[in-house]
Amino acid sequence: MTYELLSTIDDPAQLRTLTGAQLKQLAGELRAFVLESVSKTGGHLSSNLGTVELTIALHYVFNTPHDRIVWDVGHQSYPHKILTGRRQDMARLRMYGGISGFPRRSESVYDTFGTAHSSTSISAALGMAVAAKHNGERRHTIAVIGDGAMSAGMAFEGMNNAGVLDARLLVILNDNDMSISPAVGGMNRYLARLASGRLYVAARRVAERMVSRFPRLRGFARRLEIHAKGMILPSTLFEQFGFNYIGPIDGHDLDALIPTLTNVRALDGPQFLHIVTRKGQGYKLVEADPVLYHGVSKFEPAAGIGGSKRGKVTFTDVFGDWLCDMAAQDPRLIGITPAMREGSGLVKFAERFPDRYFDTGIAEQHAVTFAAGLACEGMKPVVAIYSTFLQRGYDQFIHDVQIQNLPVLFALDRAGLVGADGATHHGAFDLSYVSCVPNITVMVPADENECRQMLYTGFTLNTPAAVRYPRGSGPGVAVEKEMRALPIGKAQLRREGKQVAILAFGTLLKAALEAGEELDATVVNMRFVKPLDDQLVAQIARTHSLLVTVEDNVVRGGAGSAVAESLAARDIAARILHLGLPDQFVDHGDQAQLLALVGLNREGILKSIRARLADMRQQASIRAA
Ligand SMILES: Cc1ncc(C[n+]2csc(CCOP(=O)(O)OP(=O)(O)O)c2C)c(N)n1
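Note that this is a predicted model, so its numbers are computed, not measured.

Rules used in this analysis
Residues numbered from 1 in each chain as written. Predicted model: local features only at pLDDT ≥ 70, side-chain atom pairs only at ≥ 80, totals over all residues. Heavy atoms only, no water. Helix = DSSP H or I, 4+ residues; strand = E, 2+ residues; numbered from the N terminus. Rg over C-alpha atoms; globule rule 2.2 N^0.38 Å. Buried < 20%, exposed > 50% of the residue type's maximum accessible area, 1.4 Å probe, protein only. Contact = heavy atoms within 4.5 Å. Lys, Arg positive; Asp, Glu negative; His and termini not counted. Charge placed at Lys NZ, Arg CZ, Asp CG, Glu CD. Near = heavy atom within 4 Å. Polar contact = N/O pair within 3.5 Å; in protein donor to acceptor, adjacent residues only side chain to side chain. Nonpolar A, V, L, I, M, F, W, Y, C, P; charged D, E, K, R; others polar. Phe/Tyr/Trp six-rings, centres within 6.5 Å; stacked < 30°, edge-to-face > 60°.

Outline the overall build of the protein, supporting the account with residue identities and numerical values.
Secondary structure assignment for the protein yields 25 helices and 19 strands. Here the protein has a C-alpha radius of gyration of 27 Å; the compact-globule value for 625 residues is 25 Å, and the two agree. Each of the three principal axes of the protein carries a C-alpha extent, and together these read 105 × 55 × 55 Å. For the protein, the residues scored as buried account for 56% of the 625 residues in total. In the protein, 75% of the contacts between residues at least 6 apart in sequence involve partners at least 24 apart. On the protein, the mean spot of the 66 positive side-chain charges and the mean spot of the 63 negative ones are 3 Å from each other.

Describe in detail the site of the ligand, supporting the description with residues and values.
Surrounding the ligand, one finds 22 residues, the nearest of these being Ser 47, His 75, Ala 116, Gly 148 and Glu 364. At a separation of 3.0 Å, an oxygen atom of the ligand approaches a polar side-chain atom of Asn 176. At a separation of 3.0 Å, an oxygen atom of the ligand approaches a polar side-chain atom of Lys 279. For the shell around the ligand, the class distribution of residues is 9 nonpolar, 9 polar and 4 charged.

So what's going on with the packing of aromatic side chains? Residues and values would help.
Using the criterion set out here, one finds 21 aromatic pairs in the structure. Look at Tyr 386 and Phe 389: their rings are 5.4 Å apart centre to centre, the planes differ by 10°, and that puts the pair in the stacked class. Exposure remark for Tyr 386: the relative accessible area of 8% places this residue in the buried category. Geometrically, the ring pair formed by Phe 429 and Phe 585 is edge-to-face, given 6.2 Å between the ring centres and 75° between the ring planes.

The structure is reproduced here in structure tokens:
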């Protein structure tokens, strides 16, 4: 396809010179470009096909970058990236050194706020709007938030505050009736009622009836119809918050969007525009299955994503199978996901155990405390949550679960480096922030089978537990059907060697074993970060001249730190080399490439150990001299 108009737009100022007909042509080209480029690089698709017209209308009506657009989550910001000078860069989207799949302040002046975790846009935009007011700058600040993201408490915290601040804030609710999976909850039902226009239609019917009975009232009835929204919609939730509610309007109709946004631009105070869009708009295969096309790998657009081509078993699969098997054995098991049914592997569980499956919406804080409540009443909740998203529920994790020592099992998926989603999504911190809290047992499986057994072990404890596992597949160890509880706090000696001992946490055991083979080092599969196998650590420290801890968590406060603390507590002096994630945010890129970059593959581990051994030799020779 030739992109006749799109190829001339390197800056939104250029698009502001186009005619209405040209804007429509541009929308067609932009949509085709999104599809073509995402099919080549992978990335988010459904949501971006849904924001094509909105993006054009926003940059057309508003004076960006002077006016600020804050994209919530930011997974739908590809059309925005393309129209703001990054068309060519889309070829390296989410690749190492290429542009991010989310807005980033360092990438463009048009990316006003870095996002990727949801529901921050209203708060951030409000901050910007208030700052503009303080600085005496006249500008518009616009938050674009999806109906899924709107289900989070944080969005309402922002609304609650914005409604009384009289700032120039426009919140656009991009309502496509979908989160990643179908949107859930009371808010979703409410929006569906609003979007179906029932209230407006009802008023219109009153007007029609009046006209048919009393033709002379035609003028009054027309006014009634015009004011129907004004009369009835003040009762919308958003109006109650102090916003002026406008909508719902068709978010794919430029003829509706542009005049509406132009009118809204003239209004002061907090405005709320409700637009209705369709995920995957314009590409039949995506429209038919927006869940499948939410985030995609490379594919052939004409053919679509192939059928159920099964790849290697992932840790997520292992979790999903375990959850079903465990639920079949124990009627107290409850499965909880904050809006990540597919990503966390709960699709089968949801089908088989619908009464025990709970999608809380994008509401990590609520999901954790909801689990705590269930546990108080004798249920056995399993919270399936990405490592990065548990960060949202951290106070609930401590205050509601750990302090009360409630038996909630946390299945922490996407631990370690996740790859293309980048720094916002890496599970880099959980070992630090989870294991510093009293009461919890923290396990790190090195392979698929160990993952299943650890989930079982955690579930059978009557106290809080976490099993953290990475994105994707492991070393390919066959998973035993039988479930056996592992001895708590016991590591597993995998290889006996000399001088150097590598203490590996989680799936990095494989690389550690390979390095250990090369160096004839002792290698331990640590299995537990908490409680740590203090005895084994002490014994190994006494019999080796160098301990090497290996983990895909930040070194600071991580599993290796726990080893050092354990030795210090026993007053055992040891030389320790801590290998793990650095004290800086790791960018997006291929998962294996990133691991290599931070030195956590076989070669990296070998290199670091050899360098340390060389240092030690040098120091010894200095001392001897
Ligand atoms: C705090 C947090 N939890 C979960 C996610 C994962 N996530 C990314 S997009 C998405 C769905 C967003 O739905 P919506 O806001 O309606 O946008 P749409 O994709 O429908 O346009 C979810 C759950 C996230 N980004 N942040």
